[in-house]
Amino acid sequence: HANNFDAWIVGGAVRDLVLGKIPSEYDICTNATPENIKKIFENHIPTGEKYGTITVKSGDSFFEVTTLRTEMDYGDGRRPEIVEWGNSLSVDLSRRDFTINSMAYDIESEMLFDPYNGRSDLERCILKAVGDAHERLAEDGLRILRAYRFMDRGEFGVWEPNYALATALVDNRSMLSLISVERIW
């Protein structure tokens, strides 16, 4: 913000905060490009620069800072072939996997952005895909494993996928063959 860019906490940290848990990590999205991020933060690691992600070190903490983006053509069933930087938080949130992960929090304005009703799904213990469930899982096979991980919420019980996601999980099961053994492990 001090360098005239927007920034939001996204993903798991927002999900944990809504559930009343203290997040173990914070991911940040911004309209700053990877080049901007590297100029602003001296102590950084270009962990996924091709995909817009720079890891920023602050004290003993690490933060993944990712440029707002759109993605297309998941040729290998895991990673997009085309990534374009963007300026729209709404577009960035629309490409995420599940509604509970498509929320963003703006620290400056203290506003929660929840265009897909992730907060409501958290309260109702329901797992839903953002947009078309078949399409969302077909983009990245790892999302199938993530869905099952999110369905078992430990202290928060077992969550049910909605019908569209349950059907997509079965229909897209062949995508699991594209996941590396260490990811499955």
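Here's a quick rundown of the structure.

Turning next to the sheet that holds strand 4 (residues 53-58). Across the sheet, which stays open at both edges, the seven strands sit in the order 3-4-5-2-1-8-9 with mixed pairing between neighbours. The outermost strands of the open sheet, each flanked by one partner alone, are strand 3 (44-48) and strand 9 (111-113). Looking at each pair of strands side by side, their axes are set apart by 30° on average, direction ignored. Inspection of the sheet shows strand 4 paired to strand 5 (residues 61-67) by six bridges, in the antiparallel sense. Of the residues in strand 5, the one forming a bridge with S58 is S61.

One can find E25 in the loop between helix 1 (12-18) and strand 2 (27-30). Note: C-alpha distance between E25 and A13 (12 residues apart in sequence) is 6.4 Å.

The subject of this paragraph is helix 6 (residues 142-151). Of all the residues in helix 6, the buried ones are L142, R143, I144, A147, F150 and M151. On its buried face, helix 6 sits against helix 1, strand 10 (126-127), helix 5 (133-139), strand 11 (160-161), helix 7 (163-171) and helix 8 (181-184).

Of the pairings in the sheet, the one linking strand 1 (residues 7-10) to strand 2 comprises four bridges and is antiparallel in character. Across the sheet, the residue bridging to W8 is C29, located in strand 2. Bridging between strand 1 and strand 8 (residues 104-106) involves two bridges; their strand directions are antiparallel. Note on strand 8: the bridge partner recorded for I9 is Y105.

As a further point, take the pairing of strand 2. Here is the key point about a regular strand: its side chains alternate between the two faces of the sheet. Note that strand 2 and strand 5 share four bridges and pair parallel. Note on strand 5: the bridge partner recorded for I28 is V65.

Rules used throughout
- Residues numbered from 1 in each chain as written.
- Predicted model: local features only at pLDDT ≥ 70, side-chain atom pairs only at ≥ 80, totals over all residues.
- Heavy atoms only, no water.
- Pairing = 2+ DSSP bridges.
- Helix = DSSP H or I, 4+ residues; strand = E, 2+ residues; numbered from the N terminus.
- Axes fitted to C-alpha atoms, helices over the stretch in contact; angles between N-to-C directions.
- Buried < 20%, exposed > 50% of the residue type's maximum accessible area, 1.4 Å probe, protein only.
- Contact = heavy atoms within 4.5 Å.

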